[in-house]
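# A structural walkthrough
So the chains spell out like this:
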Amino acid sequence: MAATVFYLDPLPEVAAVAVLDGPEGHHAATVRRIRVGERLTLSDGRGGLAQTEVVAAEHDRLDLLVKSRSVAPTPHPKVTLVQALPKSERSELAVELATEAGIDAIVPWEAARCVARWKGPKAEKGVAKWRAAALAAARQSRRPYVPPVAELHDTAAVETLIHDAVVRGALVVALHESAIVPFGKLLLAAAEEVVLIVGPEGGIDDAELERFGKAGAATALLGPTVLRTSTAAAVALGAIGVLTPRWG
């Protein structure tokens, strides 16, 4: 089994002793009860890795001797998720599942049909919760990259994001149950970058679909069943993993 991953930025050099404290140190020393002599992997969350051995353990703190350093390859193609806000009880689940499935970046989107609304201070709190969920899920799945979570986007901001991505040459896909083209028929293997757009429980509004289409987004049918907004991205990432070099 691969060594447990914890996050520390910046990473120390080889032969240095790293101190893991704060929330990460608490999780390692108190929750996981990691002890002297055990090995674990440190990551800066941006691909940097350090293989370490625990040389001292205290309450909420570990001292780690760095044995080696490396950089993990970046997944190709890069996949960004534009995720409409799910209902509160499933909100962070969408982030957790997408992160464990390998998403590279997440953009929260307050779509027209969203039941959840992040107004005022709720937006800052909601983004913070998503970032914490992404960090925890990245640790669970032992990822060297923690997907960044952007600030809350409205539909106009997503429209701009789509336009800019298409200009860069990205394949932008809105998943929708009324689409005719199957997701697997898209030219995913040739894409340098993919942007997935997942709507809320009530689906993407027709006016939003029209705006996104004019900005350059395609629409595709993910599969024969209607998925929850919190699980659609993870299923799509599984398909992308098989149809592109991401799992190669």
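All figures in this text were calculated on a predicted structure; none of them were measured in a lab.

Before going further, it helps to examine the nonpolar core. By size, the foremost hydrophobic cluster in this structure holds 50 residues, and its most contacted members are V82, W109, I162, F183, L196 and I197. Sequence-distant contacts of V82, defined by excluding residues within four places in its chain, comprise V107, W109, V158, L161, V195, L196, I197 and V198.

With that settled, the discussion passes to the environment of E92. Checked against the element boundaries, E92 lands in helix α2 (residues 91-101). Counting along the chain gives 40 residues from E92 to A132, while the straight-line C-alpha distance between them is 9.0 Å.

Let us look at the domain arrangement of the protein chain. Domain parsing of the protein chain yields domain 1 (5-71) and domain 2 (78-243). Using C-alpha coordinates to define each centre, domain 1 is positioned 32 Å away from domain 2. With 10 residues of domain 1 at the contact, the number on the domain 2 side is eight residues. If you sort the residues of domain 1 by the area they bury against domain 2, V5, Y7 and G45 come out on top, with a joint share of 55%. Taken together, the links from domain 1 to domain 2 amount to seven residue pairs in polar contact (both at pLDDT 80 or more). Elements represented by at least two residues in the side of domain 1 that touches domain 2 include exactly β1 (5-7) and α1 (22-31). For the side of domain 1 that touches domain 2, the element with the most residues is β1, which contributes three residues. Split by residue class, the side of domain 1 that touches domain 2 holds four nonpolar, four polar and two charged.

When its volume is computed, the largest pocket comes out at roughly 500 Å³. Together, 24 residues line the largest pocket, and E177, P200, V226, L227 and R228 are the ones closest to its centre. Residues that form the lining of the largest pocket fall into these classes: 11 nonpolar, seven polar and six charged.

Okay, the packing of aromatic side chains next. A complete count under the given rule lists two aromatic pairs for this structure. For the pair W109 and F212, a centre-to-centre distance of 5.4 Å together with 55° between the ring planes defines the contact as tilted. Of this pair, W109 sits in strand β7 (residues 105-109) while F212 sits in helix α5 (residues 206-215), placing them 103 residues apart in sequence. Note on W118 and W130: the rings are 5.3 Å apart at their centroids and 80° apart in plane angle, and the pair reads as edge-to-face. Separated by 12 residues along the polypeptide, W118 in the loop between β7 and α3 (121-140) and W130 in helix α3 bring together distant segments of the chain. The buried category is assigned to W130, whose relative accessible area is 0%.

This part takes up the environment of H176. Structurally, H176 is set in the loop between β8 (171-175) and β9 (193-198). With relative accessibility at 13%, the residue H176 sits in the buried group. Placed 48 residues apart in sequence, H176 and A128 show a C-alpha to C-alpha distance of 28 Å. Beyond its immediate chain neighbours, meaning those up to four positions away, H176 contacts I204, L209, A220 and L221.

The rules we used
- Residues numbered from 1 in each chain as written.
- Predicted model: local features only at pLDDT ≥ 70, side-chain atom pairs only at ≥ 80, totals over all residues.
- Heavy atoms only, no water.
- Core = buried A, V, L, I, M, F, W, Y, C linked by side-chain atoms within 4.5 Å.
- Buried < 20%, exposed > 50% of the residue type's maximum accessible area, 1.4 Å probe, protein only.
- Contact = heavy atoms within 4.5 Å.
- Helix = DSSP H or I, 4+ residues; strand = E, 2+ residues; numbered from the N terminus.
- Domains from an automatic or database assignment.
- Buried area = accessible area lost by both parts, 1.4 Å probe.
- Polar contact = N/O pair within 3.5 Å; in protein donor to acceptor, adjacent residues only side chain to side chain.
- Nonpolar A, V, L, I, M, F, W, Y, C, P; charged D, E, K, R; others polar.
- 1 Å grid on protein atoms, 1.4 Å probe; cavity = no way out; pocket = protein on both sides within 12 Å on 5 of 7 lines; lining within 4 Å.
- Points joined across faces, edges and corners; volume = space filled by probe spheres on them.
- Phe/Tyr/Trp six-rings, centres within 6.5 Å; stacked < 30°, edge-to-face > 60°.

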